[in-house]
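# Fold and geometry: a report
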Amino acid sequence: MSRLLAAVGVLALCATARVEAQGSEHATWNTIGGGALGLYSGAVLGTVGSLIPCGQTYATARCVRLAAAGAGTVGLVSGALLGEGDPGRLGDAAKAGAIGLAAGAALGVALKPMIQGFSWADVASLSIVGSAAGASGTGTAVGFGVGAVTGLILWKTVPSFDLEDAAGLSLAGLAAGGLVTWLVRGIEAQSGGHTSGGATMPLVVNLRF
Amino acid sequence: MRRVWIGLALALTGCVVPSTMTRVAPAGDSCSTAARLPDSNVRVGLYAPARPGDQERLDGWCAAVGPAVLDSVPDGRFGPWPAGDSLAVLTWNVNGGSGDIAAFLREQVGVSCEDGASVGGPAPRPFVLLIQEAYRRSADVPAAPAGTALPPKIKEDARPGSRIDILTVARDCGLSLAYVPSKRNGPQEFDGEREDLGTALLSDLPLSDVIAIQLPFEVSRRVAIAATVHGPGGDSLRAVSAHLDVSPGPWRLLSTANTSRLRQAMGLVDALQDIEVGSSGTAAAPATGSCARPCRHREAMRHPIATVLAGDFNTPSAGETTLKHLHESFPDSPRWDGQPSRGIFPADHILFRAGGDMSLMPIPGSYRRLEDPHYSDHRARIIWLRSRGGTVAEASASPLPGAR
């Protein structure tokens, strides 16, 4: 239950991502909201993407935890940079996350009567994964597609490559695609290479060496 | 500020997955219907998870199944384990009533279930068949308490001949039987009779020291069954038939890092360890000599009895964590031959560890898949164990009558 509360807490933090930039205080909240959304999305994607590869190691749980922490950190930093540099695009990511949340929930509700023992916690889990994937944009879909195609080719051509390895590669691709999207967003937001819909504003980037 | 963010990330993601496993310990009457024998004062020893949450859920499933069944002595036509002879250990998921067990026994181990005599030629060689998803239809299976959610009936493909439950198979074939149910096979009633599903041991040798081991609860109730057969010269073998869960729902998958099968397997290993300590009075002692790579996490142990653990582990790949850890506990296991046993998946395995006076060991090259699934959705696996005085050549040159 504490984990569920933690997830809800993170989602509540993500809700703060949609804050208009109207001064330094709001800019701070944009940074916090972006970091929270990136952390949430990265950690969930890291968990999903590492489940099968880590399931081939001696220390599955530790391996997944490490992957989730690493991906969450990437998401956190990228999201914070995005929130600081391009609040409009962060808002787009939050909207896409909300759509993913709804899609995951809809899928879970549809599956619930069809699978015995499929609980509301399972529905919530699909929502969480859906929102994390949605918030990370099209990179997840591209990554999943590339991973799936590569996995299937390897499965058909390399005898020691199992179908489970192919499935693992697909999920790892999904996670990698999502993380690359977060990274690109963060870098672009700081370099001014991309702006979302709405009013544009000049960015001042302080670089410290 | 960045350090704070990173710390927050690690704190949040660090509690995604637990690292602790549930210990399985001796249980009293927590699930008496599964531990009591009909028409007998003998009780099957029961081990169950020590964690309260597991037990509550297991009790609900347990209330809907009938009692365990033990018929420990085979027909008089089956003699004792001959000195110098080898023992065949087979494992097979029969998929409820799909698998034609009578035909399997006739073709793989030479036991006829029709006329009470072995199939021509020599008497059947000693064997132990470890079965998963065996079904029993009986009025002993109780009506489920109101509000109990029963699992659906297992899907079976049509096959020639009639479905025969495990009790009838054992009786018709004259074999010893230990059967312990895990769950109901659907909510249906058949003229006051109901069906349950579970694990079983069939043998042409007497069975002793029967123990039921409830595995930690993940998706459904799973109960492994263990029994001992005794060979010539005092060497004994504990055979354990187990069936692990397939995959949990998304919530459990994410929150446990997909370690459901690992948790069940480690619970089983713990229980077997407790049983050895309980029966011998001493803990398994470290063996002399160096520890090879598979036991890098645990010191090699000398066990009081040789043990074979086999069954449907539902592993989608041969490299899964569950198998890696089980191989540590069963370091004398044969290598997987690369042949899947359920569709394209290597679900079924036979693992072994030496024990006692170390006189019982697998015969190299004898571990393999049997090609004919006999209408089940799984193919069986077999391994030959050499008893004291037996030779590799002897066992290899004279396979079981009719074995394919």
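Before any of the text, the structure's been laid out above.
Quick look at the structure, then. This one's a predicted model, so the numbers in the text were calculated from it and none came from an experiment.

Rules used throughout
Residues numbered from 1 in each chain as written. Chains lettered and ligands numbered in written order. Predicted model: local features only at pLDDT ≥ 70, side-chain atom pairs only at ≥ 80, totals over all residues. Heavy atoms only, no water. Disulfide = S-S within 2.5 Å. Helix = DSSP H or I, 4+ residues; strand = E, 2+ residues; numbered from the N terminus. Buried < 20%, exposed > 50% of the residue type's maximum accessible area, 1.4 Å probe, protein only. Axes fitted to C-alpha atoms, helices over the stretch in contact; angles between N-to-C directions. Parallel < 35°, antiparallel > 145°, perpendicular 65-115°, else oblique. Left-handed = near helix turned anticlockwise from the far one by under 90°. Contact = heavy atoms within 4.5 Å. Pairing = 2+ DSSP bridges.

### Observations regarding the state of the cysteines
All names here are of chain B.
- With the rule as written, the count across this model stands at two disulfides over all chains.
- Note on cysteine connectivity: Cys113 is disulfide-linked to Cys173, with sulfurs 1.8 Å apart. Measuring the twist about the S-S bond at about 100°, one finds the Cys113-Cys173 disulfide to be right-handed. Within this pair, whereas Cys113 is found in the loop between helix H4 (101-109) and strand E5 (127-138), its partner Cys173 is found in helix H5 (residues 166-173), the two being separated by 60 residues in sequence. Both residues of the pair, Cys113 and Cys173, belong to the buried class.

### Overview of the packing of helix H6 (residues 138-157) of chain A against helix H7 (residues 163-191) of chain A
All names here are of chain A.
- Viewed as axis vectors pointing N to C, H6 and H7 meet at an angle of 155°, and their least axial separation amounts to 6 Å. Relative to H7, the element H6 lies roughly antiparallel. The hand of the H6/H7 crossing is right-handed. Two secondary-structure elements touch here, H6 through Gly139, Thr140, Gly143, Phe144, Gly147, Ala148, Thr150, Gly151, Leu152, Leu154 and Trp155 and H7 through Leu163, Ala166, Leu169, Ser170, Leu171, Gly173, Leu174, Gly177, Gly178 and Thr181.

### A look at the pairing of strand E8 (residues 208-214) of chain B
All names here are of chain B.
- Burial of E8 is extensive: five of the seven residues sit out of reach of the surface.
- Judged from the three bridges that link them, strand E2 (residues 45-49) and E8 form a sheet pairing that is parallel. Considered in E8, the bridge of Tyr47 is made with Ile213.

Fair warning: the whole summary comes from geometry, so function is off the table for now.
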